[in-house]
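# A structural walkthrough
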Amino acid sequence: MGISQYIKEIGRGKEGARSLTREQAADLMGQVLDGTVTDLEIGGFCLAMRIKGETPEEMAGFLDAAHARLHQLPENQCTTVVLPSYNGARKLPVLTPLLALLLSREGLPVLVHGTATEDRRVSSEAVFTALGISAIQPTEPLAAGKLAFVPTARLSAGLKRLLDVRRAVGLRNPAHSLVKLMNPCAGRALVIGSYTHPEYALSMAHTFALTRTHALLLRGTEGEPVADARRTPQMEAFRDGQRHLLQAAQDGPLTALPDLPRDTSAAATAAYIQAVLGGALPVPRPIALQVEHILQEVSSATAAQHDRPAHAP
């Protein structure tokens, strides 16, 4: 069905709009990602969805379309930790690269993907560059203990174009949620999802359950998938559609604050990360706990895979 018909369904206002089925959402998003629709139609789709809001079924359909078109990292016979990095730093240093490097140091393959969506924030890509870590093409399997940063455009040019609509209209669209839920790996992965507002916690949880994604969900630092270094957030795991509480949120007043750099520039953040990795500064406890939970989730997934019968999918 043409995208104009879908816009008629979703564009009837907050009260009159009708939700799409998973199959319809996949068809719509497929047309958008394939570039077969006009800029005006894309703008209409983005604004209509912004007013209506996405249902878990629609997000599942959008993910189906994206996964069918992604340039995925090849199978590596491991569980890869996936860190979507799209928000960047504003008030606090962006420590997603620190989390990624701590996990790779523990022997896990780690994929960070992302792109800058706001010019005034410091991105993980800028911090990786300051650390001497260059972006790669998603063509080779990611070995255990290796870290890779892949820009969104190298995973999907259509998805990057949809993210860039925000620069023209000033509003987020379904792509900004989609990239925090997707798995860019052909093999097993643990997706680290993060949110800033409680309503997104609910929608992301429902989508992870519906799509049976192996994921860890937390309230990240300014939308990044790394725990706030000052206070431990709640962390939940999703396995085979089931939700499991891993970590309760830290309550009460803060009794101590980590020695974070006040300068959130890429250079200052990279220097802080190097100091932590070198042992000159401690790993902030909330991030250390996040690393422990991720290691346990990957270990459990690996054990479950080995326990499956040889004929099981």
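The structure presented is a predicted model; accordingly, all values stated were derived computationally and were not measured. (Residues numbered from 1 in each chain as written. Predicted model: local features only at pLDDT ≥ 70, side-chain atom pairs only at ≥ 80, totals over all residues. Heavy atoms only, no water.)

## So, the overall build of the protein
Broken down by element type, the protein carries 13 helices and seven strands. Taken along its principal axes, the extent of the C-alpha atoms in the protein is 60 × 50 × 40 Å. Of all 313 residues assigned to the protein, the portion counted as buried reaches 52%. Partitioning the intrachain contacts of the protein with sequence separation of at least 6 by distance along the chain shows that 72% fall at a separation of at least 24. Carbon together with sulfur atoms contributes 51% to the accessible area of the protein, which is approximately 14200 Å² in total. Of note, the protein has its 31 positive side-chain charges centred 3 Å away from the centre of its 30 negative side-chain charges. (Helix = DSSP H or I, 4+ residues; strand = E, 2+ residues; numbered from the N terminus. Buried < 20%, exposed > 50% of the residue type's maximum accessible area, 1.4 Å probe, protein only. Contact = heavy atoms within 4.5 Å. Areas by Shrake-Rupley, 256 points an atom, 1.4 Å probe, with all protein chains shown as cover. Lys, Arg positive; Asp, Glu negative; His and termini not counted. Charge placed at Lys NZ, Arg CZ, Asp CG, Glu CD.)

## Regarding the side chain of Glu236
Here Glu236 lies in strand E6 (residues 235-239). For Glu236, the side chain forms a polar contact with the side chain of Arg243, separated by 2.8 Å. (Polar contact = N/O pair within 3.5 Å; in protein donor to acceptor, adjacent residues only side chain to side chain.)

## Quick look at the environment of Pro74
With respect to the helices, strands and loops of the structure, Pro74 is situated in the loop between helix H5 (56-69) and strand E1 (80-85). A sequence separation of 32 residues divides Pro74 from Glu106, and the C-alpha atoms of the two residues are 21 Å apart. Setting aside its immediate chain neighbours within four residues, Pro74 contacts Pro138, Thr139, Glu140, Pro141 and Ala186.

## Looking at the packing of aromatic side chains
Under the definition given, this model contains three aromatic pairs. Residues Phe128 and Phe149 carry aromatic rings whose centres are separated by 5.7 Å and whose planes lie at 40° to one another, so their mutual orientation is tilted. Of this pair, Phe128 sits in helix H7 (residues 124-130) while Phe149 is found in strand E3 (residues 147-151), placing the two residues 21 residues apart along the sequence. Given a relative accessible area of 0%, Phe128 falls into the buried group. When the centroid spacing of 5.7 Å and the interplanar angle of 40° are considered together, the rings of Phe208 and Phe238 count as tilted. Taken together, the positions of Phe208 in helix H11 (residues 198-211) and Phe238 in strand E6 put the pair 30 residues apart, joining distant regions of the chain. Each of the two residues, Phe208 as well as Phe238, counts as buried. (Phe/Tyr/Trp six-rings, centres within 6.5 Å; stacked < 30°, edge-to-face > 60°.)

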